[in-house]
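# A closer look at the structure
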Amino acid sequence: MDQKTIVDLAYIAASVLFIYGIKMLGSANTAQRGNLISSIGMLIAVVATLFRGGMDYTWIIAGIVIGAGIGAFAAKKVQMTGMPELVALFNGFGGLSSLLVGWAEVAKNPEFTPPEGVSGYSPTFTAFAVVFAILIGGITFTGSMIAYLKLSGKMGGSATVFPGQKIINALVFAALLVFGAIFVFTHAGWALYTVIGLSLLLGVLGVIPIGGGDMPVVISFLNSFSGIAASAAGFVILNNVLIVAGCLVGASGLILTIIMCKAMNRTLGNVLFGGFGASSGGQDVEGEMKAMTPEDAYYVLEAAQNVVFVPGYGMAVAQAQHAVKELGDILEANGCEIRHAIHPVAGRMPGHMNVLLAEADVAYEQLCEMDEVNDMIEMADVAIVIGANDVVNPAAIEDESSSIYGMPIINVHKAKSVFVLKRGQGKGFSGLVNTLFFRENCRMIYGDAKDTITNLVTQFKD
Amino acid sequence: MEQLILLIFVLVIAAFLGFELIQKVPSQLHTPLMSGSNAISGITIVGALIATGVTDSGLGKWLGLAALILATINVVGGYMVTNRMLGMFRKKD
């Protein structure tokens, strides 16, 4: 066997490990092993590539040492509350890397002369793959950076919408296609640079009109894109492991995106182009919100047999997860059954609340999915809503004129009583009035969620 | 054209496989699945290695190095952070 065959066989082995790894990531008992297996696949792919021979190792070692150092540092240091930003950041880097791989191929071989030992090399197809890798990689990079800025609060989380936005985006995209076509057929360098610039611009323009509450969809969509970019880079350098691994990520990211859209009863098109969350409005509701003090809440909780916590983005903002865990433990010791009801799009990335509560050491069995909780919500003496809003708004099932009508929610309004922990009387991400707050069985406990819960914990201890 | 067709074949099969593999994921695992698959998308590191290692052109080499650093951050950081997250998800005794 020659060297090339061995390298190719190693790539096949790596692909198999990625497939296994990603499958195992889908189930709780095997997930950690799955991640390990996929990382071994990556190691094999990297080592096999280094054995191709004729490599300049000084540059490679420099690159790997720098990259691994930064990556390991970030992974070790990050707070779990900072996880959405970090995922966005890593994702963006992957996209930019695919863009650069495409560009480097052109720098290396600007005339698109067929490499040795490749049958049926087509300069036009390779140029097309370069444009595609740059387009998707560029959008992934700047799109993820904007998502990072929004998630970390360095940029306002609301949707940025201006008149003519869609027309401008469409024009940028059309220009991309034109310059991309020019490059594919003429291989002109200036056309390539224009494509790079426009792709980066399109990523920015594409994500700024999407509001913070839609970030779970955007992140999973960009995750899918980073895979597609890697796949496209695979076509540039004619490498099967890039194509397989990239495609797997593209598909899994797309599935996650669809799950997120379904959880909001919206289409992907509506999330990406709808400018949701920029408008306010909705009907006003009759009645008034009834406030409650933590002292009164304590007496109710003390007698409660069954309590459901419903966390939302507000819990992440207040960093209240540890206090929530403590209150849960005290309630349990008091003979009360507790659950955490987690809506699929609560928070700013898929599974955000689960990560925070797991970090606070909440038992895995207490983290319940929406359907599971809705089946038994009538039994709950108290549902404690912590910084969640739209995902518990009964207007989604009752008010056909509401913009969130049809979105599955956690039916806390069916619990015997509901406590809503909230900083003020503000509206949720959708800009809608939450009709839950005006219900007979609902009480508002105003103030910082963490302070309120800590207050309750102290009362139990006294 | 043969090799190209073969690669497109691989692409299509991988896409179907990807969709089949991850139909049902409990929502608890959404974040680790995302960050774990994100690490896999760092496979572009292979392209970056080739671009950095096997190139005579100065620009190509610098682009390759930049790609390599970014892809390595993606791979190493992605796997480590996923592992850390999944460690927290283990069942408590």
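Quick caveat: nothing in here was measured; it's all calculated off a predicted structure.

Here we take up the interface of chain B and chain A. Each partner contributes residues to the interface: chain B has 77 residues there, and chain A has 98 residues. Of all the elements in the fold, those that place two or more residues in the side of chain B that touches chain A are helix 1 (2-21), helix 2 (30-41), helix 3 (45-53) and helix 4 (58-89) of chain B. Here the element with the most residues in the side of chain B that touches chain A is helix 4 of chain B; it accounts for 30 residues.

Below, the discussion takes up the packing of helix 11 (residues 294-303) of chain A against helix 17 (residues 449-461) of chain A. Residues and elements named next belong to chain A. Close contact between helix 11 and helix 17 brings their axes to 10 Å; oriented N to C, the two are set at 55 degrees. When the axes of helix 11 and helix 17 are compared, the pair comes out oblique. Note on packing geometry: the crossing formed by helix 11 with helix 17 is right-handed. In this structure, helix 11 uses P294, A297, Y298 and L301 to contact helix 17, whose residues at the interface are T452, N455, L456 and Q459. Among the residues forming the contact of helix 11 with helix 17, the class breakdown is five nonpolar, three polar and no charged.

Residues and elements named next belong to chain B. For chain B, mean pLDDT is 86; residues scoring 70 or higher make up 94% of the total. Mean pLDDT in chain B bottoms out at helix 1, which sits at 85, and peaks at helix 4, which reaches 92. Predicted as a complex, the structure gets a pTM of 0.88 and an ipTM equal to 0.93.

Let us look at unusual backbone geometry. Residue and element names in this part refer to chain A. Look at N265: it is not a glycine, yet its phi comes out positive at around 55 degrees. Along the chain, N265 falls in the loop between helix 9 (240-263) and helix 10 (268-273). Given 14 C-beta atoms within a 10 Å radius, N265 is considered partly exposed. Here D361, not a glycine, exhibits a phi torsion of approximately 75 degrees, which is positive. Residue D361 is classed as partly exposed on the basis of its C-beta count, with 13 C-beta atoms lying within 10 Å.

Ranked by internal contacts, the top residues of the largest apolar core, which has 195 residues, are A133(A), V195(A), L248(A), V310(A), V385(A), I386(A) and A67(B). Of the residues forming this core, the biggest block, 17 residues, is contributed by helix 4 of chain B. Each of two domains, domain 1 (78-273) and domain 2 (294-461) of chain A, supplies a minimum of three residues to this core. Non-local contacts of A133(A), meaning those with residues more than four positions away in its chain, are made with S98(A), L99(A), V101(A), G102(A), A229(A), A232(A), A233(A) and V236(A).

Moving on, we get to the environment of M42(A). All names here are of chain A. As for its position among the elements, M42 is in helix 2 (residues 31-50). On the neighbour-count criterion, M42 (26 C-beta atoms within 10 Å) is buried. In this structure the C-alpha to C-alpha distance between M42 and S15, which are 27 residues apart in sequence, comes to 8.8 Å.

Counting buried residues along helix 3 of chain B, nine of its nine residues qualify, which places the element largely inside the surrounding structure. Of all the positions in helix 3 of chain B, only I45(B), V46(B), G47(B), A48(B), L49(B), I50(B), A51(B), T52(B) and G53(B) are classed as buried.

Moving on, we come to the pairing of strand 1 (residues 306-311) of chain A. Residue and element names in this part refer to chain A. Extensive coverage of strand 1 is indicated by the burial of five of its six residues. Bridge count for strand 1 against strand 2 (residues 337-342) is four bridges, and the pairing is parallel. Looking at the pairing, V308 lines up with R339 of strand 2. Bridge count between strand 1 and strand 4 (residues 382-386): five bridges; the pairing is parallel. Paired with P311 across the two strands is I386, which belongs to strand 4.

Quick look at the domain arrangement of chain A now. All names here are of chain A. Domain annotation for chain A reports domain 1 (78-273) and domain 2 (294-461). Computed from C-alpha atoms alone, the centre-to-centre distance between domain 1 and domain 2 is 37 Å. Tallying the contact residues gives 19 residues for domain 1 and 16 residues for domain 2. Of all the elements in the fold, those that place two or more residues in the side of domain 1 that touches domain 2 are helix 4 (83-108), helix 8 (215-236) and helix 9.

All names here are of chain B. With 20 residues, helix 1 should cover 28 Å at 1.5 Å per step; its first-to-last C-alpha distance of 28 Å lies within 8% of that length. Listing the buried residues of helix 1 in full gives L7, L11, A14 and G18. The arc enclosing the buried residues of helix 1, seen along the axis, measures out at 75 degrees, which places them on a common side. Facing away from the buried side of helix 1, by more than 90 degrees, are the exposed residues E2, I5, F9, V12, F16 and E20.

The next thing to look at is the sheet that holds strand 4 of chain A. Residue and element names in this part refer to chain A. Pairing is parallel across the open sheet formed by six strands, whose spatial order is 3-2-1-4-5-6. In this open sheet, the two edge strands, each paired with only one partner strand, are strand 3 (367-369) and strand 6 (442-446). Adjacent strand axes in the sheet meet at a mean angle of 25 degrees, parallel and antiparallel pairs treated alike. Note: strand 4 against strand 5 (residues 417-422), five bridges, orientation parallel. Looking at strand 5, one finds that A383 is bridged to V418.

Tracing the chain through its elements places A230(A) in helix 8. Between the C-alpha atom of A230(A) and that of G117(A), which follows or precedes it by 113 residues, the distance is 23 Å.

Attention now moves to the packing of helix 2 of chain A against helix 3 of chain B. Interaxial distance between helix 2 of chain A and helix 3 of chain B falls to 10 Å at its minimum, and their mutual angle equals 15 degrees. Between helix 2 of chain A and helix 3 of chain B, the interaxial angle falls into the category roughly parallel. Between helix 2 of chain A and helix 3 of chain B lies a crossing whose hand is right-handed. Contact with helix 2 of chain A, carried on its side by A45(A), V46(A), T49(A) and L50(A), involves I45(B), V46(B), L49(B) and I50(B) of helix 3 of chain B and no other residues of that element. Its residues assigned to classes, the contact of helix 2 of chain A with helix 3 of chain B shows seven nonpolar, one polar and no charged.

Conventions used here
Residues numbered from 1 in each chain as written. Chains lettered and ligands numbered in written order. Predicted model: local features only at pLDDT ≥ 70, side-chain atom pairs only at ≥ 80, totals over all residues. Contact = placed C-beta atoms within 7 Å. Helix = DSSP H or I, 4+ residues; strand = E, 2+ residues; numbered from the N terminus. Axes fitted to C-alpha atoms, helices over the stretch in contact; angles between N-to-C directions. Parallel < 35°, antiparallel > 145°, perpendicular 65-115°, else oblique. Left-handed = near helix turned anticlockwise from the far one by under 90°. Nonpolar A, V, L, I, M, F, W, Y, C, P; charged D, E, K, R; others polar. pLDDT = per-residue confidence, 0-100. Buried ≥ 20, exposed ≤ 12 C-beta atoms within 10 Å, placed from the backbone. Core = buried A, V, L, I, M, F, W, Y, C linked by C-beta atoms within 7 Å. Domains from an automatic or database assignment. Pairing = 2+ DSSP bridges. Expected span 1.5 Å × (residues − 1). Arc of directions from axis to C-beta.

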